[in-house]
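# What the coordinates show
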Amino acid sequence: MQAADVMTTNVISVTEDAEVREIASLLLEHGISAVPVVDADQKVLGIVSESDLMRRVENEADTHKSWWLKLLSGANAGEYVKSHGRKAREIMTPRPVTVGEDEPLHRIASLLEKHRIKRVPVVRDGKLVGIVSRSNLLRGFSVTAPDTSLDVTTDDREIRNAILKEVDENTGVLVDRLNVIVAEGKVQLWGLVENQEEKLAVQVAAENTAGVKAVENNLGFVPRGMSSF
């Protein structure tokens, strides 16, 4: 399996001028831990994660630190910008690691481990087309684990795209919370929905898609307090 088979395609992204408060709201609203920063052409410039936002919280808690403690810890202009910046371009991690759609899952896993990151943007001709997180990888590996020779076909990818399109256009369910994996016509549904009706709607959309042989519905429910605004 490759990045294209497990990636989240409806990626929530922001521009360089996005306000920190706006970014924090997006993370909470969509139940995600990071957002790519893109330009007008959808080229990836950086990524803002929860850890980037946490620097601001830690800085606020440190406001009254004694001057001599600050002196011992050392002043750093770069860290100052990250902990005080108000825009995405000021707090983002620039030039993040990216992969192409055909990157094998085991190589993506190695990249995450090597760079100690939790997710990686997927690009096509330098433009953002998806994102693969650790949870995407685990779900992909869960499909391939019983048979390491299992290969995802072009038909499987077309089925996956068709399911996501149907859900996005006709059910009202937020597809950025979903991960659909298809192998040999067998579908696994992962992610979060608001209620039982949405869970059933996604399953029906999958079952009605041409080429689908079976559907395994693993969808969970959005925790209280994480619902859309």
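Look a little higher up for the structure.
Let us look at the structure shown here.

## Let's talk about the overall build of the protein
Helix and strand counts for the protein come out as ten helices and ten strands. The 229 residues of the protein split such that 41% are buried. Considering only contacts within the protein whose residues lie at least 6 apart along the sequence, 64% involve residues at least 24 apart.

## Observations regarding the side chain of Glu-103
For Glu-103, the location among the structural elements is in the loop between β4 (99-100) and α7 (105-115). Not counting chain neighbours up to four residues away, the residues in contact with Glu-103 comprise Met-1, Gln-2, Ala-3 and Ile-108.

## A few points about the pattern of salt bridges
Considering all chains together, one arrives at five salt bridges under this definition. Between Arg-157 and Asp-5 there is a salt bridge whose closest N-O contact spans 2.5 Å. Remark: Asp-5 occurs in helix α1 (residues 3-6) and Arg-157 occurs in helix α9 (residues 154-170); sequence separation between them is 152 residues. Lys-87 is paired through a salt bridge with Glu-19; the nearest N and O atoms lie 3.0 Å apart. Of this pair, Lys-87 sits in the loop between α5 (77-84) and α6 (88-91) while Glu-19 sits in the loop between α1 and α2 (20-30); the two residues are 68 residues apart in sequence, bridging distant segments of the chain. What makes Glu-19 partly exposed here is its relative accessible area of 36%.

## Comments concerning the sheet that holds strand β6 (residues 127-133)
The strands that make up a sheet pair up through hydrogen bonds in the backbone, lying either parallel or antiparallel. Pairing within the open sheet is mixed, and its three strands lie in the order β4-β5-β6. The open sheet is flanked by β4 and β6, the only strands paired with a single partner. Where strand β5 (residues 119-124) and β6 come together, six bridges link them in antiparallel fashion. Opposite Pro-121, over in β6, you have Ile-131 as the bridge partner.

## Digging into unusual backbone geometry
Peptide bonds are mostly trans, and most non-glycine residues show a negative phi. Backbone geometry at Gln-42 places phi at a positive 70°, although glycine is not the residue there. Here Asp-125, not a glycine, exhibits a phi torsion of approximately 55°, which is positive. Residue placement: Asp-125 occurs in the loop between β5 and β6. A residue is classified by how much of its surface remains accessible, and Asp-125, at 72% relative accessible area, is exposed.

## Details of the side chain of Asp-52
Considering the arrangement of structural elements, one finds Asp-52 in helix α3 (residues 50-61). On the basis of relative accessibility, which here comes to 3%, the residue Asp-52 falls in the buried class. Here the side chain of Asp-52 touches Ser-49 through a polar contact of 2.9 Å, landing on its backbone nitrogen.

## Thoughts on the pairing of strand β1 (residues 34-38)
Across the five residues that make up β1, a large majority, five, are buried. The two faces of β1 match: Ala-34, Pro-36 and Val-38 on one face and Val-35 and Val-37 on the other face are all buried. Note that β1 and strand β2 (residues 44-49) share five bridges and pair antiparallel. Within β2, the position partnered with Val-38 by the bridge is Val-44. Counting the residues that bridge the hairpin from β1 to β2 gives five residues, and of these Gln-42 lies at a positive phi of roughly 70°.

## Here's the deal with the sheet that holds β2
Taking strand neighbours across the sheet as the criterion, the three strands line up as β1-β2-β3 in an open arrangement whose pairing is antiparallel. Looking at strand neighbours, the two that pair on one side only are β1 and β3 (93-94), the edges of this open sheet.

## Considering α7
Every buried residue belonging to α7 is among Leu-105, Ile-108 and Leu-112, and all of these are buried. Considered in projection along α7, the buried side chains sweep an arc of 60° and stay on one side of the axis. Exposed residues lying more than 90 degrees from the buried face of α7 are His-106, Glu-113 and Lys-114. Directly beyond the C-terminal end of α7, a positive phi value near 55° is found at Arg-116.

Cut-offs applied
- Residues numbered from 1 in each chain as written.
- Predicted model: local features only at pLDDT ≥ 70, side-chain atom pairs only at ≥ 80, totals over all residues.
- Heavy atoms only, no water.
- Helix = DSSP H or I, 4+ residues; strand = E, 2+ residues; numbered from the N terminus.
- Buried < 20%, exposed > 50% of the residue type's maximum accessible area, 1.4 Å probe, protein only.
- Contact = heavy atoms within 4.5 Å.
- Salt bridge = Lys/Arg side-chain N within 4 Å of Asp/Glu carboxyl O.
- Pairing = 2+ DSSP bridges.
- Polar contact = N/O pair within 3.5 Å; in protein donor to acceptor, adjacent residues only side chain to side chain.
- Arc of directions from axis to C-beta.

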